[in-house]
There are 2 protein chains.
Amino acid sequence: MPALPEIAGLRLATCAAGIKYRNRDDVMLAELAPGSVVAGVFTRSATRSAPVLDCEAKLAVGADLEAGAAILVNAGNANAFTGSAGSGTVEAVTEALSACLSVPVSRIFTASTGVIGEPLPHAKIIDRLAELKHGLHADGLRAGAHAIMTTDTYAKAATATAQIGGTKVTVAGIAKGSGMIAPDMATMLVYVFTDAAITQPALQTLVARLNARSFNAITVDGDTSTSDSLICAATGAADHATITDPDSPEGAAFADALGAVFHDLAQQVVRDGEGATKLIEVEVTGAASDEDAWAVARSIANSPLVKTAAAGEDPNWGRIVMAVGKSGAQADRDRLTIRFGDILVAEAGWVAASYTEEDGAAYMRREEITIHTDLGLGSGAATMWTCDFTKRYIEINADYRS
Amino acid sequence: MPALPEIAGLRLATCAAGIKYRNRDDVMLAELAPGSVVAGVFTRSATRSAPVLDCEAKLAVGADLEAGAAILVNAGNANAFTGSAGSGTVEAVTEALSACLSVPVSRIFTASTGVIGEPLPHAKIIDRLAELKHGLHADGLRAGAHAIMTTDTYAKAATATAQIGGTKVTVAGIAKGSGMIAPDMATMLVYVFTDAAITQPALQTLVARLNARSFNAITVDGDTSTSDSLICAATGAADHATITDPDSPEGAAFADALGAVFHDLAQQVVRDGEGATKLIEVEVTGAASDEDAWAVARSIANSPLVKTAAAGEDPNWGRIVMAVGKSGAQADRDRLTIRFGDILVAEAGWVAASYTEEDGAAYMRREEITIHTDLGLGSGAATMWTCDFTKRYIEINADYRS
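Reading guide: rules and limits
- Residues numbered from 1 in each chain as written.
- Chains lettered and ligands numbered in written order.
- Predicted model: local features only at pLDDT ≥ 70, side-chain atom pairs only at ≥ 80, totals over all residues.
- Heavy atoms only, no water.
- Contact = heavy atoms within 4.5 Å.
- Buried area = accessible area lost by both parts, 1.4 Å probe.
- Salt bridge = Lys/Arg side-chain N within 4 Å of Asp/Glu carboxyl O.
- Helix = DSSP H or I, 4+ residues; strand = E, 2+ residues; numbered from the N terminus.
- 1 Å grid on protein atoms, 1.4 Å probe; cavity = no way out; pocket = protein on both sides within 12 Å on 5 of 7 lines; lining within 4 Å.
- Points joined across faces, edges and corners; volume = space filled by probe spheres on them.
- Pairing = 2+ DSSP bridges.
- Axes fitted to C-alpha atoms, helices over the stretch in contact; angles between N-to-C directions.
- Expected span 1.5 Å × (residues − 1).
- Core = buried A, V, L, I, M, F, W, Y, C linked by side-chain atoms within 4.5 Å.
- Buried < 20%, exposed > 50% of the residue type's maximum accessible area, 1.4 Å probe, protein only.
- pLDDT = per-residue confidence, 0-100.
- Least-squares fit on C-alpha atoms with pLDDT ≥ 70 in both.
- Domains from an automatic or database assignment.
- Polar contact = N/O pair within 3.5 Å; in protein donor to acceptor, adjacent residues only side chain to side chain.

Comments concerning the interface of chain A and chain B
- Each partner contributes to the interface: chain A provides 67 residues, whereas chain B provides 67 residues.
- For the chain A and chain B pair, buried surface summed over both sides reaches about 5200 Å², with 61% attributable to carbon and sulfur atoms.
- Our enumeration of links across chain A and chain B arrives at 2 salt bridges.
- For Lys 391 of chain B, the salt bridge goes to Glu 395 of chain A, with nearest N and O atoms at 3.3 Å.
- Elements represented by at least two residues in the side of chain A that touches chain B include exactly helix H1 (50-59), helix H2 (83-101), helix H9 (304-311), helix H10 (317-326), strand E14 (350-351), helix H11 (357-364) and helix H12 (391-398) of chain A.
- Element by element, the count of residues in the side of chain A that touches chain B is highest for H10 of chain A, at 8 residues.

Now the structure itself:
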C-alpha cells in the first residue's frame, strides 16, 4: 500500500465491534467537514441492500453542505436480504450517529459487507460510536482500508495529485472486495476522498464517467454484489476556484487524478480476485459500435473457458473466437484479428502464418496478459480487466463440507 | 444407452478415418431414403463454422424430396475458424459424397466437431466414403452415437414412440457434447430420426419449438460452440396421413414423442457436463414476463457462485438472491420466494422462519437438485437445467502445462 496523505477536512476512525471477526477492526467512520460534497455510484442489482437504497435516496436530494457529512462502514454482515429489518437497522445506526456527531441523518452514508440474510447486530456498532468519535484523526485512511476488508488478501489504497489553478489538490482512496467473492462475503466498496473544491453535480458527473472505465470495467466471475458502493467526497479545503464544469481545464486536471485513483484501485481489486494468478486485459477494437465492443469484452472477460485457459497458460485463441461469437455483437469471422500482447495470433479468419504455439505459450506464462481482439468492422472500442479462473476459486467458493 | 430401434428409411455407417483419434470410429454417415424431409436448428454464434453455414443455407431453400438426403459427421476436427479453407473442405466432402451416393450436394448435410483453427484433413474422409456406403445398414444408431463423441464420457441416445392415426411412429436420436467442453473440443451435435410422415415446414416448426425448451434450456458454462447443430429427419415411411399442421391432434401426438427424445438427450448432455456431479433444475415462476423468467433462469444457471455452492453442497440461497438481482429482470427483493425442492428457504425478502441450515444442507447432498425461485410479480415462467461447477471442470479446461 502506498503512503497515504491526509486530506484536509477528512478525519477517520476505526474500531473492533466484533460483528463477525475477532481481534480486528471491522467498523470505519469517516467524518467530512462542513462544505464537503458527496457523490456516488452503486450496484445495479435489483436486490440492492438496505444501506445502498438509503445512500441512493440521500444522494438524490439536495443537501445542506454546511452540515458536514459522515460515512460509516462495517464488515462481517451485509445487512442484505434481511427484509424490513434491514432498513430499520440503517435508521437506528444513522440516527444514533447523527446524535453523536451532530450531523443530520440525511448526510450520513452507510455500507455493510459480509454475510447475507442475517440481521446486522447494530447495537454492537451503536455502542462504539462515542469511541469512534473520539478516535477521529486526520491520518486514518490506512486503518480504514484494513477495517473494511472481508476476504481480501491485502488492503487496497491509491493516491494521486493534481495542480488546479496553481494549487495542489490531493486524491486518496481505499477499496475492498473483488465483486462477488468468497461464500456470502459479497461486495466491492470504494471510498475516495479529495480536498478539491467542486460542485456536487460536477463531481457526480466525473464519478459516473470514470467509474464506467474502471470499476465497471472489471470482472472476476461476472457475478454482482447486492451492496457494491462507490462514494467520493470532496471537502473543498483546497484553495482554488470551485470547479463547476467537469469539462473545463480545471475539471479535466482533477479528472485525471481522480481517474488514476479509480483505475489503480480497480486493478488492485481484480488482482485480488479469489484464486487469481494473472491479470488479464481484454482489449476490443474495430467493433461496429462501442456497445458491441463492450459486449465482446464482457463475453471474453467472463468466459469460464477463456479464464481457465489463462489459468492453464494455454494460448487457446479458439476460445476467443467462441466468446466473440456468443457475445451478440456484430462480427465477421473472416475479419477477426486476435493478438496476445504484440503477438499476431489470428487474422482473416484463420491462424496467422507467423504464429507459433511456442510464442503463444511463452506469452501466456506472464503474470499480466493482454488479449486484443479487433473485429475489423468499425471504430467501437472497449477495455476490461479480469483474472484467470483457477482451482483455488472453486476451493474458496465451493466451501466443501467434508 | 437404451436399445435403439431401426427407423424405416434410415441407414447408417461409421468408420475410423483417423482424423485425430486412434483405434475408434470418428465418422458417421446417415443415408435418408427418397421422400425424407430434413429440419434443423443451429448455433446462434456470429462465428459459425463452415459446415453450419452450409447446412443453414441448404435448409433455407426448397428441396427435391425424391432425391433422398445424407448426413456426414466427423469428430476430431471442427473445421471452424479455418478461413476460406473451411468452406472449400465442405464443398470437397459434399461433392465427393454426392457422387458416391448419387444424392445431390444440396441434400447433403455435414458437421464437424473437434479442434478449432486447424484445417480438416478432408482427404482422410473422402478416402473412406465408398467403404462407408457399403457399410450402410439399418441398425447403426448405436455405433453412430459413439462415432460422434469427443470428450463425452458416455454415448447419448434416446427413443420414443407415438400413435398417429392408429399407426405406430418411432423417434430415435443421438447426441454428443455438453456445450463448450474440454479444450478446443467444442460442440453439441444432435441427430434425431423418425419414420413419421410430416411436411418439412411442420417439422421445422416443431423442432424449433421443442428445441427452445430442451437444448436451448441447458447450460454447462454459458459458453457457446461455433458448431452446435441439431438436425431432425423424417423419412415418412410410417403409413399414416402426412402431418401438415403441427398443432393438429396428430401433430401434437408426434410432438410429444419428439419432445420426449429432445428432453432426454438434453438432460444427458447436462449430466455429462465436464466435472459435473449434480443435475440442477432451475425453475423460475412469478416473473413479470416469460422473457424476465428466462433472464433470471439464465442468470442462476450460469452463475459460477451458484454452481460452486452446489458443488460444495452449500445451501447458499444468498447467491440465488444475487443472481436474481443481476439478471436485469424486474424483481422486488421483498417478494422473492426461494425453495430448494419442497423446502421453503426464503420468503418476503428474508429467510423463512421454518427453514433450517440442516434441512438445506441435507437437500443439497442429493444428486438432483431443484432450485425454485418465485418473483411474486406475474405469470412469467421458465425452467433450465445446469450442472455444478467443480475443481474437475478447471482441471479439464485449464489444461495445465507442467
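Focus on empty space enclosed by the protein
Residues and elements named next belong to chain B.
- Per the stated rule, a full pass over the model turns up 4 cavities of 30 Å³ or more.
- In this structure, the largest cavity spans a volume of roughly 80 Å³.
- Every residue lining the largest cavity is counted, 13 residues in all, and those nearest its centre are Asn 74, Val 93, Thr 110, Ser 112 and Leu 120.
- When contributions to the lining of the largest cavity are tallied by element, the ones reaching two or more residues are strand E4 (69-77), helix H2 (83-101) and strand E5 (108-115).

Details of the sheet that holds strand E11 (residues 337-340) of chain B
Residue and element names in this part refer to chain B.
- The strand order across the open sheet built from 6 strands is E13-E12-E11-E14-E10-E15, with neighbouring strands paired in mixed fashion. For this open sheet the edge positions go to strand E13 (350-351) and strand E15 (380-387), each flanked by a neighbour on one side alone.
- Bridge analysis of strand E10 (residues 279-287) against strand E14 (residues 368-374) gives 7 bridges, and the strand direction is parallel. In the strand pairing of E14, Val 284 is matched with Thr 373.
- With respect to the sheet, helix H11 (residues 357-364) is in contact with E11, strand E12 (343-347) and E14, its orientation differing from that of E14 by roughly 130 degrees.

Some details on helix H6 (residues 200-212) of chain A
- Between its first and last C-alpha atoms H6 of chain A spans 18 Å; for 13 residues at 1.5 Å apiece the expected length is 18 Å, and the two agree.
- Structurally, H6 of chain A contributes buried residues whose contacts are with strand E3 (37-42), strand E10 (229-234) and helix H7 (249-271) of chain A.

Considerations on the nonpolar core
- Formed by 176 residues in total, the largest nonpolar core has its most connected members in Leu 203, Phe 254 and Leu 258 of chain A together with Leu 203, Phe 254, Leu 258 and Phe 340 of chain B.
- If sequence neighbours within four positions are ignored, Leu 258 of chain B has contacts with Val 171, Val 192, Leu 203, Leu 206, Val 207, Leu 210 and Cys 232 of chain B.

Brief notes about the pairing of E14 of chain B
- When E11 of chain B meets E14 of chain B, the two strands line up antiparallel, connected through 4 bridges. Residue Phe 340 of chain B lies in a different strand from E14 of chain B, and its bridge partner there is Ile 371 of chain B.

Structural notes on the confidence of the model for chain A
Residues and elements named next belong to chain A.
- Taken residue by residue, chain A gives an average pLDDT of 91. The fraction at 70 or more is 96%.
- Contacts of residues 181-185 to residues separated by more than four positions or lying in other chains number 29 contacts, the stretch itself having pLDDT below 50.
- Model confidence for the complex: the whole-complex pTM is 0.86, and ipTM, which rates the interface, is 0.81.

Points about the pattern of salt bridges
- Across all of its chains, the model carries 26 salt bridges over all chains by this definition.
- Of the charged contacts in the structure, one is a salt bridge between Glu 395 of chain A and Arg 392 of chain A, with a shortest N-O distance of 3.4 Å. Of the two residues, Glu 395 of chain A and Arg 392 of chain A both sit in helix H12, 3 residues apart, roughly one turn of that helix.
- Where Asp 152 of chain B meets Lys 156 of chain B, a salt bridge forms, and the shortest distance between an N and an O atom there is 2.7 Å.

Let's talk about the relation of the copies chain A and chain B
- Overlaying chain A on chain B yields an RMSD of 0.1 Å, the required transformation being a rotation through 180 degrees with an accompanying axial translation of 0.0 Å. Both copies of the chain, as the preceding transformation shows, are related through a two-fold rotation axis. Closest approach to the rotation axis within chain A is made by the C-alpha atom of Lys 391 of chain A, at a distance of 2.6 Å.
- The overlap is high: 100% of the interface residues of chain A also sit at the interface in chain B, so the same surface is used on both sides.

Structural notes on the pairing of strand E8 (residues 189-194) of chain A
All names here are of chain A.
- Buried residues dominate E8, accounting for 6 of its 6 residues.
- Both faces of E8 are covered, namely the face carrying Leu 189, Tyr 191 and Phe 193 and the face carrying Val 190, Val 192 and Thr 194.
- Two elements, strand E7 (residues 167-176) and E8, share 6 bridges in a ladder whose sense is antiparallel. Considered in E8, the bridge of Gly 173 is made with Val 192.
- The sheet contact formed by E8 and E10 spans 6 bridges and is parallel. Looking at the pairing, Thr 194 lines up with Ala 234 of E10.

Quick notes on the side chain of Asn 79 of chain B
Residue and element names in this part refer to chain B.
- Within the secondary structure, Asn 79 sits in the loop between E4 and H2.
- For Asn 79, a relative accessible area of 2% translates into the label buried.
- With sequence-adjacent residues up to four places away left out, Asn 79 is seen in contact with Ser 49, Ala 50, Pro 51, Gly 86, Thr 89, Val 90, Ser 112, Val 115 and Leu 120.

Quick notes on the domain arrangement of chain A
Residues and elements named next belong to chain A.
- Looking at the assigned domains, one finds that chain A contains domain 1 (10-271) and domain 2 (279-398).
- The distance between the C-alpha centroids of domain 1 and domain 2 comes to 33 Å.
- In this assembly, 15 residues from domain 1 lie in contact with 14 residues from domain 2.
- With both sides pooled, the region where domain 1 packs onto domain 2 buries about 1200 Å², and carbon together with sulfur makes up 59% of that total.
- The largest contributions to the domain 1 side of the interface with domain 2 come from Ala 217, Thr 219 and Val 270, which together make up 34% of the buried area.
- At the boundary of domain 1 and domain 2, one finds 1 salt bridge.
- A salt bridge links Arg 271 to Glu 368, with the nearest nitrogen and oxygen atoms 2.8 Å apart.
- Across the contact surface, domain 1 and domain 2 share 2 residue pairs in polar contact (both at pLDDT 80 or more).
- At the level of elements, strand E9 (218-219) and H7 are the ones that each hand at least two residues to the side of domain 1 that touches domain 2.
- For the side of domain 1 that touches domain 2, the element with the highest residue contribution is H7, accounting for 4 residues.

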